[in-house]
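# Residue-level structural notes
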Amino acid sequence: MSASNWTTEFLDQLLDATIAVEQISLPSTTLWQIESQHWQQFATLAIQQNIRWAAGWAEHYQEQFFINACFEKQGLYVLVRTILNAVKPELPSQAAVYPAANRSERHTQDMFGINFVGHPDNRRWTRHKAWTKHHNPLRKDFPVQGEPEAVTPPDIGYPFVKAYGAGVYEIPVGPVHAGIIEPGHFRFQAVGEMILNLEERLGYVHKGIEKIAEGRTPESLARLAGRVSGDTTVGHCWAACRAMEQAAGIEIPPRAALIRGILAERERIANHLGDIGAICNDVGFVFAQMQLMRLRELWLRSQAKTFGHRLLMDCIIPGGVNCDLPEDACLVMEQEMIRLKIELDEILLAVDMASSLEDRLYTAGYLAPEIAAAFGALGYVGRASGQKVDVRRDAPYAPYDQVTFKVPLEKQGDIASRFWMRSKEIDAALKLIKQFIGLLSPGDLLADWKTPLPGSEGLGIIEGWRGEIIAYIRFDSDSKIARFYPRDPSAVNWPVLEKLVLNNIVPDFPVCNKSVNGSYSGNDL
Amino acid sequence: MNWLIAVIQTSLFAALAPLLAGWIKWCKCRLQNRKAPSLFQPYRDLIKLTNKQPVVAEQASWLFTIAPYIVFSATVLAASIVPLIAVDLPTSASADVIVMVGFFAFARFFLALAGLDIGTAFGGMGSSREMTISSLAEPAMLMAIFTLTMTASTTNLSVAISHVLNDGLVLRPSFVFALFALIIVAIAETGRVPVDNPATHLELTMIHEAMILEYSGRHLALIEWASQLKLMLYGVLIANIFFPWGIAETFSAKALGYGLLAIFGKLTVLAILLAVSETLLAKMRLFRVQEYLGFAYLLGVLGLLSYIILEASR
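Residues numbered from 1 in each chain as written. Chains lettered and ligands numbered in written order. Predicted model: local features only at pLDDT ≥ 70, side-chain atom pairs only at ≥ 80, totals over all residues.

### Quick word on the overall build of chain A
- Of regular secondary structure, chain A possesses 17 helices and 15 strands.
- Seen through its principal axes, chain A has C-alpha atoms that stretch 70 × 65 × 55 Å.
- Residue pairs in contact within chain A that sit at least 24 positions apart in sequence constitute 68% of those at least 6 positions apart. (Helix = DSSP H or I, 4+ residues; strand = E, 2+ residues; numbered from the N terminus. Contact = placed C-beta atoms within 7 Å.)

### Points about the UniProt feature "binding site: Mg(2+)" (unreviewed entry) in chain A
Residue and element names in this part refer to chain A.
- Using the residue numbers shown here, the UniProt feature "binding site: Mg(2+)" (unreviewed entry) corresponds to Glu 210.
- Of the residues examined, Glu 210 has 20 C-beta atoms within 10 Å and is grouped as buried.
- Apart from residues no more than four positions distant in its own chain, Glu 210 is found in contact with Leu 138, Phe 484, Tyr 485 and Leu 525. (UniProt positions renumbered as here; feature names shortened; annotations may be inferred. Buried ≥ 20, exposed ≤ 12 C-beta atoms within 10 Å, placed from the backbone.)

### Quick word on the sheet that holds strand 13 (residues 457-463) of chain A
Residues and elements named next belong to chain A.
- One open sheet holds the 3 strands; their spatial order is 13-14-15, and the pairing between them is antiparallel. Strand pairing shows two members of the sheet lacking a second neighbour, strand 13 and strand 15 (481-487), which therefore form its edges. On average, adjacent strands in this sheet sit at an angle of 10° to one another, irrespective of strand direction.
- In this structure, strand 14 (residues 468-475) lies alongside strand 15, joined through 6 bridges in antiparallel fashion. Across the sheet, residue Ala 471 finds its bridge partner in strand 15, namely Pro 486.
- Here helix 6 (residues 233-248) sits on the sheet and contacts strand 13, strand 14 and strand 15; the angle it forms with strand 13, its principal contact strand, is near 145°. (Pairing = 2+ DSSP bridges. Axes fitted to C-alpha atoms, helices over the stretch in contact; angles between N-to-C directions.)

### Topic: the UniProt feature "domain: NADH:ubiquinone oxidoreductase 30kDa subunit" (unreviewed entry) in chain A
- UniProt's entry tags residues 62-147 of chain A with the feature "domain: NADH:ubiquinone oxidoreductase 30kDa subunit" (unreviewed entry), counted in the numbering of this structure.
- Along residues 62-147 of chain A, the helical share is 13% and the strand share 30%, with 23 Å between the first and last C-alpha atoms.

### Some thoughts on the UniProt feature "transmembrane region" (unreviewed entry) in chain B
- Taking the numbering used here, the UniProt-annotated feature "transmembrane region" (unreviewed entry) corresponds to residues 62-85, 97-116, 136-157, 169-188, 231-248, 255-277 and 292-310 of chain B.
- With 67% helix and 0% strand, residues 231-248 of chain B has its two end C-alpha atoms placed 22 Å apart.

### A closer look at the interface of chain B and chain A
- Contact residues are listed per partner, giving 22 residues for chain B and 25 residues for chain A.
- In terms of residue class, the side of chain B that touches chain A is built from 11 nonpolar, 7 polar and 4 charged. (Nonpolar A, V, L, I, M, F, W, Y, C, P; charged D, E, K, R; others polar.)

### A closer look at the confidence of the model for chain B
- Scored by pLDDT, chain B comes out at a mean of 90, with 99% of its residues at no less than 70.
- Two summary scores accompany this predicted model of the complex, namely pTM at 0.90 and ipTM at 0.86. (pLDDT = per-residue confidence, 0-100.)

### So, the sheet that holds strand 10 (residues 194-201) of chain A
Residues and elements named next belong to chain A.
- Strand order in this open sheet of 3 strands is 8-9-10, and the pairing throughout is antiparallel. The strands lining the two open edges of the sheet, one partner per strand, are strand 8 (168-173) and strand 10. When the angles between neighbouring strand axes are averaged without regard to direction, this sheet yields 20°.
- As paired strands, strand 8 and strand 9 (residues 185-191) are joined by 6 bridges and run antiparallel to one another. Residue Ile 171 lies in a different strand from strand 9, and its bridge partner there is Phe 188.

### Focus: the domain arrangement of chain A
Residues and elements named next belong to chain A.
- Domain parsing of chain A yields domain 1 (2-117), domain 2 (168-201) and domain 3 (209-524).
- Computed from C-alpha coordinates alone, the two centres of domain 1 and domain 3 are separated by 27 Å.
- Listed by partner, the interface residues are 19 residues for domain 1 and 20 residues for domain 3.
- Of all the elements, strand 3 (residues 52-61) adds the most residues to the side of domain 1 that touches domain 3, at 6 residues.
- Across the side of domain 1 that touches domain 3, the residue classes tally to 11 nonpolar, 5 polar and 3 charged. (Domains from an automatic or database assignment.)

### So, the pairing of strand 10 of chain A
All names here are of chain A.
- For strand 9 and strand 10, the ladder comprises 7 bridges, and the chain directions are antiparallel. Within strand 10, the residue paired with Ala 190 across the bridge is Ile 195.
- Hairpin connection between strand 9 and strand 10: a loop of 2 residues separates the two successive antiparallel strands, and Gly 192 in this loop has a positive phi of roughly 60°.

### Structural notes on the nonpolar core
- Within the largest apolar cluster, 242 residues are counted, with the highest numbers of intra-cluster contacts made by Ala240(A), Ala140(B), Ala181(B) and Val185(B).
- Here this core gets 15 residues from one element, more than from any other, and that element is helix 10 (residues 217-242) of chain B.
- Non-local contacts of Ala240(A), meaning those with residues more than four positions away in its chain, are made with Leu221(A), Ala222(A), Ala225(A), Gly460(A), Ala471(A), Ile473(A), Phe484(A) and Pro486(A). (Core = buried A, V, L, I, M, F, W, Y, C linked by C-beta atoms within 7 Å.)

### Section: the environment of Glu219(A)
Residue and element names in this part refer to chain A.
- Note on placement: Glu 219 falls in helix 5 (residues 218-225).
- Classification of Glu 219 by C-beta neighbours within 10 Å gives partly exposed; the count is 17.
- Counting along the chain gives 123 residues from Glu 219 to Ile 342, while the straight-line C-alpha distance between them is 39 Å.
- In this structure, Glu 219 is in contact with Ile 317 and Pro 318, ignoring residues within four places of it in sequence.

Pasting the structure below:
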């Protein structure tokens with residue numbers, strides 16, 4: 001009841017502000033179309049109602065530009081759209097109102113050549129040197145293979161924020177790091193060891209996912225979505241499949257939904273195990289890392305045995321799943337979970353007793369709930385700072401609509417909070433898997449594919465292990481993909497990292513970064 | 001003859017240092033429930049590095065290329081002063097413990113300059129941190145050593161060790177304080193957990209490693225070897241000053257053999273203790289290091305005081 005309330009009230013307010021809203025009904029999505037000159041004003045009114053900006057993307061469709069933004073409040077998602085003509089595409093910026101929209105609009109600006117008027121910081125973002133300012137890779141007239149030079153010139157001359165003053169110095173870090181991690185550049189301004197400012201420069205793993213998605217078949221798109229970010233392969237694949245199923249009007253069989261739920265929760269556990277260990281390693285507490293790596297490895301091996309892939313790639317396909325969970329495998333999994341819980345409790349007790357570790361994790365990397373709210377922080381980062389967004393509970397989808405579970409929430413906001421949040425989420429995930437196994441009943445694993453009408457669209461929103469994943473799909477004729485946009489939670493959480501490291505010392509940055517653990521690949525697309 | 005033994009002793013120092021590093025690594029791996037690399041892995045690494053061509057940054061000056069040689073030579077000279085298997089060697093007679101601290105400072109000075117020389121942010125950051133820590137560690141170390149030298153009324157290590165040996169097993173409060181002060185300083189100076197993490201890959205948290213990030217090939221081999229030597233040197237210092245029993249006082253083959261066995265045993269035990277403490281502790285926040293070293297200084301001062309109050313009049 002409350003969910004429908006805010007949209008009705010908010011529509012009245014928009015009417016008072018003379019913003020004309022055309023309501024278009026899409027399958028399971030609310031779409032509001034507004035005039036482009038009202039784009040920013042809409043955001044100003046929305047932020048007053050504490051409506052969260054969740055995602056933004058554009059689309060080149062039938063010689064026009066569709067600009068989309070996805071908003072959420074109380075689990076109800078609204079897709080807002082405006083249409084620009086292709087001659088001189090510009091519209092007022094929402095980033096001036098929502099800081100979270102900043103990089104998304106810069107991405108749209110680089111990829112489509114759309115000008116956001118009044119954007120607080122319209123430097124290039126995704127564009128490095130692989131294409132020039134006058135090329136717009138996501139416009140339909142741009143060739144898929146691009147017009148690359150033999151060797152991409154180094155990306156020098158990016159106008160980083162400068163700091164001046166006695167004793168202020170700059171530390172450039174990356175994109176190539178000493179450890180085996182993804183590439184990203186971090187520019188610190190520091191006085192002594194104190195961080196004054198951090199600026200992230202990402203985009204080094206831009207793979208052109210959005211462009212190469214065009215023209216794919218649903219199966220091929222699901223495979224591509226599974227590779228947006230390797231550690232979230234189940235999450236992205238599920239979100240993309242859900243969007244496609246919505247567009248095509250397909251209901252997946254209950255058994256397939258339950259198996260998807262098990263896969264997603266297993267992925268969550270695997271990644272949290274790895275992260276807990278990695279946080280310990282970053283402060284030199286190697287013992288815990290070795291133990292957690294061992295647990296994660298056993299977990300992954302059993303996934304390879306049961307589902308055929310260590311990271312569960314390509315287990316989810318449009319219309320259902322292509323792996324089954326026979327009864328004896330369920331029994332094995334239940335025993336495996338009991339063993340994991342016993343071992344994990346033992347290790348976490350040792351970790352909890354290590355006062356030198358405690359000294360590093362508590363109070364460091366504090367993220368204030370207000371900042372988390374302003375940026376719409378997602379997943380464990382948000383939940384450790386009082387942001388209770390969880391799609392599984394707020395906008396339940398199959399199979400989460402059949403089970404009850406608790407979403408842990410904390411307000412402490414430091415590294416320790418994000419650390420223990422992960423351990424609580426593992427507990428919750430183990431309980432969920434147990435419930436899903438209990439609900440499994442014999443049935444189909446795959447629904448028949450129905451060719452969607454050309455132009456039909458779908459918005460798949462699910463809770464990945466990092467937080468809310470939004471995938472947008474539009475179909476062309478013959479079930480071919482016209483547009484695919486996946487919004488990884490990292491895209492929202494990366495700017496939060498810039499804020500939470502302030503007033504920490506430079507050598508504490510790696511552990512702050514690890515406690516957020518954003519995906520570079522998922523952000524760069 | 002004496003000089004020959006001195007040269008052999010210093011060579012042994014250099015030759016065994018990588019073995020000690022390998023042993024510590026082995027203990028740490030076992031404590032973390034991992035399979036350990038061979039004890040001789042550090043030797044293989046050094047040989048591998050020596051056979052590789054060093055890559056030197058275009059901006060580097062002559063300082064960058066000579067620093068590894070200076071650092072290594074200074075560390076070897078410092079090692080020649082410390083009695084490993086025998087006391088009363090001519091090298092330890094000609095220089096005292098203050099000279100040894102001086103050699104360390106000399107090596108560190110050049111390493112820090114080399115870190116600054118190439119002009120990367122990490123080099124400068126590492127040098128700055130290394131200097132901050134050493135400015136706190138050196139006074140603490142000197143305090144601990146003064147406590148020892150007051151007992152023996154000398155700053156010569158060889159004489160001090162003979163004095164302790166001749167006194168027999170006497171519990172001196174001042175020595176206990178000095179021992180703990182020296183252990184704390186040794187951990188900071190050799191860049192071990194909880195002050196620095198020699199195994200880290202995180203550039204921003206590094207201290208010693210940040211200074212030498214740009215080194216490769218034989219330059220890196222020399223610096224690594226010097227670090228291993230320094231670690232062993234501190235181990236020997238602690239083992240032979242506080243527990244000197246077994247060290248050769250005459251130069252007979254039997255005494256020297258026992259001396260060698262004794263130091264093997266002592267270092268084996270010390271390394272196990274180090275590995276255990278490194279497994280139990282996380283690295284501390286950078287700005288905790290001053291409190292940590294301040295504590296070492298305080299222990300040194302307490303050692304001095306307890307010597308004056310309890311032992312001097314004896």
